[in-house]
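What follows is each chain in one-letter form.
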Amino acid sequence: MSAVTQLDKKEELPFYEPQGDEIELFMHAYEHKLPVLIKGPTGCGKTRFISHMAEKLNLPLYTVACHDDLSASDLVGRHLIGDGATVWSDGPLTRAVREGGICYLDEVVEARKDTTVVIHPLTDDRRILPIDRTGEILHAPDNFMLVVSYNPGYQNLLKGMKPSTRQRFLSMSFDYLPAPAEVEVLINETNVDKAMAQRLVVLANTLRELKDQDLEEGASTRLLVYTATLINTGFDPVKACRAGMIEPLTDDPDIVAGLMELVQAAFGSAEA
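Residues numbered from 1 in each chain as written. Predicted model: local features only at pLDDT ≥ 70, side-chain atom pairs only at ≥ 80, totals over all residues. Heavy atoms only, no water.

Caption draft 1: Spotlight on the pattern of salt bridges. All chains considered together, the criterion is met by 9 salt bridges. Here Asp74 ties to Arg78 by a salt bridge, and the two come within 3.1 Å at their closest N and O atoms. Judged by its relative accessible area of 17%, Asp74 is buried. Members of the salt-bridge network, linked through shared partners, are Asp90, Arg98 and Glu136. (Salt bridge = Lys/Arg side-chain N within 4 Å of Asp/Glu carboxyl O. Buried < 20%, exposed > 50% of the residue type's maximum accessible area, 1.4 Å probe, protein only.)

Take a look at the structure:
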C-alpha cells in the first residue's frame, strides 16, 4: 500500500529533468501549506518528480497507489486485533499528518468517491484530519503536504475528478519532455550512448503520434528507460524495443506487427 522514503542529507539528489517551473511552484506550495494536483500521461515523470521533491525537502514520502477497492480505512487506519487486544493502526495518510511528510495519492481518480472525501478537510485552511473511530482531530504540522495525481487521458464520467475536489488544489500539468531533454534523461538514467538515446526518442515520438488511433496511450519515458537499459546491457535493440516499448502498448498482434515495422525501420539491419 505505502512506501516511505527519506533522504540522507549527505546523499546527492537523483537526476530529474525539469519541464518548466514546477520545482519553484512546488517549493512555494510547500512553504505556504498548499495542496498540489499533478496531471499528465502515464510514465511522464509525475512520480519521479514527487520523489525528487521529497528528497530535496528531506521529507518522508508516503505513496498510495489508488485503486477501485481503496477504502477510507486504507488511508486513515483501522483497529487490528493482536495479542488478545485491539489496537489502532494508522494508515499512510494519518502517519503523514501525525509525523509530517508528503502524502502522495497516485492516480487519485481510481479511488472510490467516498474515499477521497476524507482528504477534503486537509485541503483548506483547516488542515485537519478527523478520525471518527478514535475520536481524534489531527492538525497537520507545517511539514505536511498533500499531493495527488491522475492521468486526464483516462477520465470518463465515472472516473473524472469532481470540480469541487479539483478546485481544492494548486494544479500543474506534465507532458513528455521535449526530445533533447528526454535524450538527457535516458543518458543519465541508463548510461546509453547519445546516438542510441536519440534514436529511441525519435521512435517514441513516432509511437506517440499514434495515440487515439492504433494505440490508447503513447510510449512513456518510463518505457524508454526500460528499453535503453536492455540495450545498454548488450540486448539486441530491436528485441529490446519489442519487449520494452511495443508489447506493453498493445495486445493486438496485428498492431504489434505494424509497430515492429517502425522499429525495424529505425534500427535498420538489427535482427528481430
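Caption draft 2: Representation of the environment of Ser220 within the structure. Mapped onto the secondary structure, Ser220 falls in the loop between α8 (194-208) and α9 (221-232). When neighbours within four sequence positions are excluded, Ser220 is seen to be in contact with Thr42, Gly43, Tyr176 and Arg208. One polar contact links the side chain of Ser220 to the main-chain amide nitrogen of Leu223, over a distance of 3.1 Å. (Helix = DSSP H or I, 4+ residues; strand = E, 2+ residues; numbered from the N terminus. Contact = heavy atoms within 4.5 Å. Polar contact = N/O pair within 3.5 Å; in protein donor to acceptor, adjacent residues only side chain to side chain.)

Caption draft 3: Region of the structure containing the pairing of strand β8 (residues 136-139). Note: strand β7 (residues 128-131) against β8, 4 bridges, orientation antiparallel. Bridged to Pro130 within β8 is Ile137. (Pairing = 2+ DSSP bridges.)

Caption draft 4: Quick peek at helix α4 (residues 92-99). Turning to α4, its buried residues are Pro92, Leu93, Thr94, Ala96 and Val97. Of the residues trailing α4, Gly100 is marked for its positive phi of about 90°.

Caption draft 5: Representation of unusual backbone geometry. Phi angles above zero are rare outside glycine, and Arg127 is one such case at about 50°. By the secondary structure assignment, Arg127 is in the loop between α5 (113-116) and β7. What makes Arg127 buried here is its relative accessible area of 9%. Phi at Asn191 takes a positive value of approximately 65°, unusual for a residue other than glycine. Checked against the element boundaries, Asn191 lands in the loop between α7 (179-190) and α8. Looking at Asn191, the relative accessible area reads 60%, which means it is exposed.

Caption draft 6: Summary view of the packing of α8 against helix α11 (residues 253-267). Put simply, α8 and α11 touch, their axes get as near as 11 Å, and they point 150° apart. Relative to α11, the element α8 is oriented roughly antiparallel. Crossing geometry of α8 relative to α11 is assigned as right-handed. Residues Met196, Arg199, Leu200, Leu203, Thr206 and Leu207 of α8 form the contact with α11, whose own contacting residues are Leu259, Leu262, Val263, Ala266 and Phe267. Residues of the contact of α8 with α11, tallied by class, amount to 9 nonpolar, 1 polar and 1 charged. (Axes fitted to C-alpha atoms, helices over the stretch in contact; angles between N-to-C directions. Parallel < 35°, antiparallel > 145°, perpendicular 65-115°, else oblique. Left-handed = near helix turned anticlockwise from the far one by under 90°. Nonpolar A, V, L, I, M, F, W, Y, C, P; charged D, E, K, R; others polar.)

Caption draft 7: View of a negative patch on the surface. The grouping of Asp214, Asp251, Asp252 and Asp254 at the surface amounts to a negative patch. Note on placement: Asp214 falls in the loop between α8 and α9. On the accessibility criterion, Asp214 (47% relative accessible area) is partly exposed. (Patch = residues over 30% accessible without salt bridge, like charges linked within 9 Å, V, L, I, M, F, W, Y side chains within 5 Å. Areas by Shrake-Rupley, 256 points an atom, 1.4 Å probe, with all protein chains shown as cover. Lys, Arg positive; Asp, Glu negative; His and termini not counted. Charge placed at Lys NZ, Arg CZ, Asp CG, Glu CD.)

Caption draft 8: The nonpolar core, seen in detail. Membership of the largest hydrophobic core comes to 29 residues, with the highest contact counts inside it found for Leu186, Leu200, Leu207, Met245, Val263 and Phe267. Elements supplying a minimum of two residues to this core: α7, α8, α9, α10 (237-246) and α11. If one sorts the elements of this core by residue count, α8 sits on top with 7 residues. With residues near it in sequence (within four places) discarded, Phe267 still touches Met196, Arg199, Leu200, Leu203, Pro237, Val238 and Cys241. The next biggest cluster of nonpolar side chains, apart from the first, holds 28 residues, and it includes Val64, Ile131, Phe144 and Tyr150. (Core = buried A, V, L, I, M, F, W, Y, C linked by side-chain atoms within 4.5 Å.)

Caption draft 9: Here's a closer look at the domain arrangement of the protein chain. Each assigned domain of the protein chain is listed here: domain 1 (3-173) and domain 2 (179-267). Placing a centre on the C-alpha atoms of domain 1 and another on those of domain 2 gives a separation of 31 Å. Contacts between the two partners involve 8 residues from domain 1, matched on the other side by 9 residues from domain 2. Between domain 1 and domain 2 the total buried area reaches about 770 Å² when both faces are included, carbon and sulfur atoms providing 53% of it. Ranking the residues of domain 1 by area buried against domain 2 places Phe15, Glu17 and Gly43 at the top, with a combined share of 55%. (Domains from an automatic or database assignment. Buried area = accessible area lost by both parts, 1.4 Å probe.)

Caption draft 10: Structural context of the layout of surface pockets. Size it by volume and the largest pocket reaches roughly 400 Å³. Along its surface, the largest pocket is lined by 17 residues, and Gly45, Arg48, Thr221, Arg222 and Val225 are the ones closest to its centre. Taken together, the elements giving at least two residues each to the lining of the largest pocket come down to α2 (46-56), α7 and α9. No other element matches the 4 residues that α9 contributes to the lining of the largest pocket. (1 Å grid on protein atoms, 1.4 Å probe; cavity = no way out; pocket = protein on both sides within 12 Å on 5 of 7 lines; lining within 4 Å. Points joined across faces, edges and corners; volume = space filled by probe spheres on them.)

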